[in-house]
Amino acid sequence: VKRVKLFQPFQQKSVTMHNRLGVSPMCMYSAVDGHLNDYHVLHYGSLALKGPGLVIIEASAVVPEGRITPQDSGLWSDSQIDNLKRVVDVIKSQGSTPGLQIAHSGRKASTSPPFLGDYVVAESDGGWPDRVVGPSDNAYAPHYAKPHAMTIPEIKQMVQYFADAAIRADKAGIEVLEIHAAHGYLLSSFFSGNSNKRTDEYGGCFENRIRFGLEVVQAVRAVWPSNKPLWVRISSAEYVNPDPMGEDPNGWDIYQSCRLAKEFKNLGVDLVDCSSGGNIHGVKYPSVPMYQVQFAEAIKRKAEIQTAAVGLIVEGTDAEQILEKGQADYILAGREFLRDSAFTLVAAQALNVDIQWNKQYSWAVKKARRHNTTKTG
Ligand code: FNR
């Protein structure tokens, strides 16, 4: 019998994900003062119910000013642990693995939830446009807040805030922790010379631009239990050079991403989650199926670290091919899970795999998708 890789367990350290298809982190912009609530229990519970091996809870800010919107999830306070634990327990109750992304939005902070528009949220509406920070004082886009260039003591303090959030994530029962170092948020804006214009030891050459990110990884790894996996999501390229695999040595490109991934590996990172873009306003994105898989493949080969592939992976057969070809070790999907929370089941069906999903449904419904509706209707 052919073994379908997508539905083999994936073990890292003491954590075993029951398959290799997980829910990518997605902000829901529905928290209150950074606290999750019933909406999140329902949302993440409904995803976990239908069989993904991993559910990564949305970007959760390590300080209030590190939220993208005032409605973002946060993990800057002990008061946020209990509500997060409710979500974690619901995910675990369905046999899935709870993951969480910790984040700082940097110069993309204090903006509106996308479903309300695209504007800077004023102080009077709960925003903090005067307390937005970045590597330098250049704004992400003309209509974004002008950031304050972080001082070195502020950078050191922020490293500690990431570590503090990791401790809270562990207390809440999170099993896979992901550091958000992608999409133009704080850490990734330091990586790229296109956004980082500093002249001190945190800017300029590659080694200086990645310093902050490495310090965060090191501090988090030191407090995150050694038997639990640590992942980092990066933007593998940022499309200033429109060729995704092209060079942008003074900005950010796949070559620097491979070097960075090697550094992460040396610091004990277990997997690099390979996304792209988000750092430069107005560049063009290749929006074709599986457009980021090439990054996961290059990083896996060159840095010899496990990678996750993400981005327009919407067919079980495609997900399986990525694993079969050794392009990545884990598959994440975002929007497909929002369209159809049963994506795992649909993928299993396409691959002719009988998977165990919640018995309360499966005894009655043998397949995720209906067949021969005319005969059975
Ligand atoms: C996202 N994405 C995202 N990425 C991330 O690293 N942290 C986050 O909190 C979010 N939030 C978020 C919200 C929503 C509504 C969407 C649609 C996306 C990006 C997401 O995780 C994923 O990488 C991309 O959507 C590409 O994968 P799909 O959706 O094509 O499978």
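Here the structure is a predicted model, which means the values were calculated and not measured.

*Asks:* Just give me the short version of the site of the ligand, but keep the residues and values in it.
*Replies:* Around the ligand, a shell composed of 15 residues is seen, among which S24, P25, Q101, L312 and R335 lie nearest. Side-chain polar atom of Q101 to a nitrogen atom of the ligand: 2.7 Å apart, as the coordinates give it. In isolation the ligand has 600 Å² of accessible area, and contact with the protein removes 83% of it. Taking a 2 Å distance to the grid points as the criterion, the majority of the atoms of the ligand fall inside the largest pocket. Counted by class, the shell around the ligand contains 7 nonpolar, 6 polar and 2 charged residues.

*Asks:* Explain helix α11 (residues 343-350) residue by residue, including any values.
*Replies:* With 6 of its 8 residues buried, α11 lies for the most part within the structure. All of the buried residues in α11 are F343, T344, L345, V346, A347 and A348. Within two residues after α11, N352 carries a phi angle of roughly 60°, on the positive side.

*Asks:* Let's hear about the pattern of salt bridges: which residues, and what values?
*Replies:* This model, assessed by the stated rule, comprises 18 salt bridges. Measuring nitrogen to oxygen at the nearest pair gives 3.0 Å for the salt bridge that ties R221 to D270. You can see R221 sitting in helix α6 (residues 211-223) and its partner D270 sitting in the loop between α7 (254-266) and β11 (271-275), a full 49 residues away along the chain. For R221, a relative accessible area of 13% puts it in the buried group. With a relative accessible area of 15%, D270 lands in the buried category.

About the thresholds
Starting from 1, residues in each chain are numbered consecutively following that chain's sequence as written. For this predicted model, a pLDDT threshold of at least 70 governs which residues receive local features, and a threshold of 80 or more governs which side-chain atom pairs are given and counted, while totals over whole chains, interfaces and linings are taken from all residues. Each side-chain value is derived from all of the structure's non-hydrogen atoms; neither hydrogens nor water enter the calculation. Neighbouring residues are identified by heavy atoms, a residue being near a molecule or strand if any of them is within 4 Å of it. Polar contacts, as used here, are pairs of N or O atoms within 3.5 Å; protein pairs need one atom able to donate a hydrogen and one able to accept it. Residues neighboring in sequence count only if both atoms are side-chain atoms. In these tables, accessible area is a Shrake-Rupley quantity obtained with a 1.4 Å probe, and a residue counts as shielded only by the protein chains included in the view. The way it works is a 1 Å grid over only the protein atoms, where trapped points that fit a 1.4 Å probe form a cavity and open points with protein on both sides within 12 Å along at least five of seven lines form a pocket, and then any residue with an atom within 4 Å of a point lines it. Pocket occupancy is defined atom-wise: a molecule lies in a cavity or pocket when more than half of its atoms are within 2 Å of its grid points. Throughout this entry, Asp, Glu, Lys and Arg are counted as charged residues, while Ala, Val, Leu, Ile, Met, Phe, Trp, Tyr, Cys and Pro are counted as nonpolar. The remaining residues, Gly among them, count as polar. The cut-offs for exposure are 20% and 50% of the maximum accessible area for each residue type, with area from a 1.4 Å probe on protein chains only; residues under the lower value are buried, those over the upper are exposed, and the others partly exposed. Starting at the N terminus, helices and strands are each numbered in turn, a helix being any DSSP run of H or I of at least four residues and a strand any DSSP run of E of at least two. The term salt bridge refers to a side-chain nitrogen of Lys or Arg lying within 4 Å of a carboxyl oxygen of Asp or Glu.

That's the geometry; what it means functionally is another story.
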